[in-house]
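What the coordinates show
In case you want the letters, here they are:
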Amino acid sequence: MTLLLSLLLLGGFGCGKAPPIVVDNSGFPALSGRVVDGADLLSPAQEARLSSKSEALEKEVGPQYVVVTLPSLHGRPIGEYGVDLGRHWGIGHRGRNDGLLLIVAPAERKVRIEVGYGLERRVTDPFAARVISEQALPNFKVGRFPEGIEAATDALVNRLRSKSTDAEIRQADGVVT
Amino acid sequence: MKRTSLMTVFLVPVAAVSLSGCGVNSIPTAEEAAKARWADVQAAYQRRANLIPNLVSTVRGAAASEERILTRVTQARADATRVTVSPEQLSDPAAMQRYADAQNRLSASIIPLQRLQEAYPTLQSQANFGTLMSQLESTENRINITIRDYNTAVQSYNTTIRTFPAVIGAKVIYGAKPMATFQATTPNADVAPEVNFDTNTGA
């Protein structure tokens, strides 16, 4: 009787924690470095150059910048995929949320800049849109992926190195909300 | 006989520890998490509401004859900002539905506004319009992400209050009710121009 009761109690109270957010990570590539060239768009020299820009940025300013090219979005919207990828990788420093992702999916012909909450005042929505339309797209449309990625990277890194205040950036970018 | 009493003594603390460790306390934690995610959803929708007056006045400058579309957006925005869901109402599916309906009407009213850029090239050439549209698109992406996060948090909370022994705490101590998930039509899913290398719009 006591044995039965103890089994019941132990079984019953061995309550598992609620499962963590289920992320289907089958489609996520491994975070192998600051440049994850899954779609094979970059030469080793270009990768090295981008990596060193990201490394210098983190060392001198703080934010973590990662470039990722993807062979496939697995049928998902790039906005959703990008957020999940950023969270899965844990880009940016805990507490500061200062991760920045440039995502290029040549098969779906999509590009996106995913900004950690902590950087939204620096890399604003209008600025990110402008980097895509002015730096990335003109190059991507003619197949110049490395040039587009590098131009977008330079614009983003310059912005993160900018000495302007949040208020100045807000006004210059025309941020409403 | 002696063995029995020993085991009973051993078992009681185990049960007590388990109950406080992961049963009862997990309910307020999961509840607070879901409420925080709901606050994110409302903040994202509020961000969209804040953009609309600027968008409307920019469009009015370039396409004054489209007053009907603008009036409809303005009206839908006013209606939507009047409907809110307090944390206590999260277990009320009808309140959630009213909120979703109001936001969905606003989403629908924005679609013709976005299409105006094709009819009025002067709009597209206005830097201000592009700036506002890029913020609208980002905000709508944010809305979708916050809704997904909220629904995940609600599922976790609902699982917690239905799982033994948290269910004991749920019934006896907190009177916890399951929360409702949120179902909105994806804002402008059909027209929200994801940036595409092939097109000149939507960047």
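Residues numbered from 1 in each chain as written. Chains lettered and ligands numbered in written order. Predicted model: local features only at pLDDT ≥ 70, side-chain atom pairs only at ≥ 80, totals over all residues.

1. Describing the pairing of strand β3 (residues 99–105) of chain A
For a regular strand, the rule is simple: side chains alternate between the two faces of the sheet. Residue and element names in this part refer to chain A. Keep this limit in mind: For every residue, the other C-beta atoms within 10 Å of its own C-beta are counted; 20 or more classify it as buried, 12 or fewer as exposed, and values in between as partly exposed. C-beta atoms are placed from the backbone. Starting at the N terminus, helices and strands are each numbered in turn, a helix being any DSSP run of H or I of at least four residues and a strand any DSSP run of E of at least two. Any two strands with at least two DSSP bridges between them are considered paired. Crossover handedness is defined by viewing with both strands directed away from the observer: a clockwise path from the first strand over the helix to the second marks the crossover as right-handed.
With respect to burial, β3 is a largely interior element, seven of its seven residues being buried. Residues Gly99, Leu101, Ile103 and Ala105 point to one face of β3 and Leu100, Leu102 and Val104 to the other, with burial holding for every one of them. Where strand β2 (residues 64–69) lies against β3, six bridges are found, and the strand directions are parallel. Directly across from Thr69, in β3, lies its bridge partner Val104. In this fold, β2 hands off to helix α3 (residues 78–89), which returns the chain to β3; that crossover is right-handed.

2. As for the sheet that holds strand β4 (residues 110–115) of chain A
Residues and elements named next belong to chain A. In plain terms, the rule: Structural elements are reduced to axes, namely lines fitted to C-alpha atoms, with helices fitted over the stretch in contact, and the angle between N-to-C directions of any two is expressed from 0 to 180 degrees. Here, residues touch in the contact sense if the C-beta positions derived from the backbone fall within 7 Å of one another.
Spatial strand order, β1-β2-β3-β4: four strands in an open sheet with mixed pairing. At either margin of the open sheet sits one strand with a lone partner, and together these are β1 (35–37) and β4. On average, each strand axis in the sheet is inclined to that of its neighbour by 10°, with strand direction left out of account. Here three bridges tie β1 to β2, and the two strands are oriented parallel to one another. The residue bridging Val35 from the neighbouring strand is Val67, located in β2. Across the sheet, helix α2 (residues 44–60) is in contact with β1 and β2; its angle to β2 comes to roughly 155°.

3. Focus: the environment of Val167 of chain B
All names here are of chain B. Along the chain, Val167 turns up in helix α7 (residues 166–174). The partly exposed category is assigned to Val167, around which 16 C-beta atoms lie within 10 Å. Distance in space between the C-alpha atoms of Val167 and Pro28 is 12 Å, their sequence separation being 139 residues. Residues within four places of Val167 in sequence aside, it is in contact with Ile161 and Arg162.

4. Considerations on the nonpolar core
Threshold: What we call a nonpolar core is a set of buried Ala, Val, Leu, Ile, Met, Phe, Trp, Tyr and Cys residues whose membership is set by joining through C-beta atoms within 7 Å.
If you look at the biggest cluster of nonpolar residues, it comprises 38 residues, and the most contacted ones within it are Ile103 and Val131 of chain A. Those elements that place two or more of their residues in this core are β1, α2, β2, α3, β3, β4, α4 (125–140) and α5 (145–161) of chain A. Here Val131 of chain A is in contact with Ile113, Ala136, Ala152, Ala155 and Leu156 of chain A, once residues within four sequence places are set aside. Judged by nonpolar contacts, the second largest core, of 22 residues, contains Ala30, Val41, Leu90 and Ala166 of chain B.

5. As for the pairing of β2 of chain A
All names here are of chain A. Counting buried positions along β2 yields six of six residues, so the element is predominantly enclosed. Alternating residues of β2 divide into Gln64, Val66 and Val68 and Tyr65, Val67 and Thr69, and every residue in both groups is buried. Taking the sense of rotation as the criterion, the β-α-β connection linking β1, α2 and β2 turns out left-handed.

6. Notes on unusual backbone geometry
Positive phi outside glycine occurs at Asn97 of chain A, with the angle close to 50°. Summarising the element assignment, Asn97 of chain A is placed in the loop between α3 and β3.

7. With respect to helix α4 (residues 93–119) of chain B
Side chains of residues three or four places apart in an α-helix project in the same direction, reflecting 3.6 residues per turn. Filter applied, for reference: Multiplying 1.5 Å by the residue count of a helix minus one yields the expected span of that helix.
Taking 1.5 Å as the rise per residue, α4 of chain B with 27 residues should run 39 Å; its terminal C-alpha atoms sit 40 Å apart, in good agreement. Where α4 of chain B is buried, its residues touch α2 (26–62), α3 (67–82) and α5 (121–125) of chain B.

8. A look at the confidence of the model for chain B
Residue and element names in this part refer to chain B. Quick reminder of the rule: For every residue, the predictor states its confidence as a pLDDT score lying anywhere from 0 to 100.
Averaged over every residue, the pLDDT of chain B is 80; residues scoring 70 or more account for 77%. Ranking the elements of chain B by mean pLDDT puts helix α1 (residues 2–23) last, at 43, and α3 first, at 94. In this model, residues 1–21 is a region of pLDDT below 50 whose contacts with residues beyond four sequence positions or in other chains number 15 contacts. Across residues 189–195, where pLDDT falls below 50, the model places 18 contacts with residues more than four positions away in sequence or in other chains.

9. Notes on the packing of α2 of chain B against helix α6 (residues 127–162) of chain B
Residues and elements named next belong to chain B. Note the threshold: Any angle that is under 35 degrees is reported as roughly parallel, and any over 145 degrees as roughly antiparallel; angles of 65 to 115 degrees are reported as roughly perpendicular and all others as oblique. In this scheme, a crossing is called left-handed if the near helix is turned counterclockwise away from the far one by less than a right angle; it is called right-handed if the turn is clockwise. Amino acid classes used here: Ala, Val, Leu, Ile, Met, Phe, Trp, Tyr, Cys and Pro are nonpolar; Asp, Glu, Lys and Arg are charged; the rest, including Gly, are polar.
Look at α2 against α6: their axes get within 8 Å of each other, and the N-to-C directions meet at 160°. With respect to their mutual orientation, α2 and α6 come out roughly antiparallel. Note that α2 runs across α6; the crossing there is left-handed. Its residues assigned to classes, the contact of α2 with α6 shows 20 nonpolar, nine polar and eight charged.

10. Considerations on the environment of Glu108 of chain A
All names here are of chain A. Summarising the element assignment, Glu108 is placed in the loop between β3 and β4. Under the C-beta neighbour-count criterion, Glu108 is labelled buried, with 20 such atoms within 10 Å. As for Glu108 and His74, which are separated by 34 residues in sequence, their C-alpha atoms are 9.7 Å apart.

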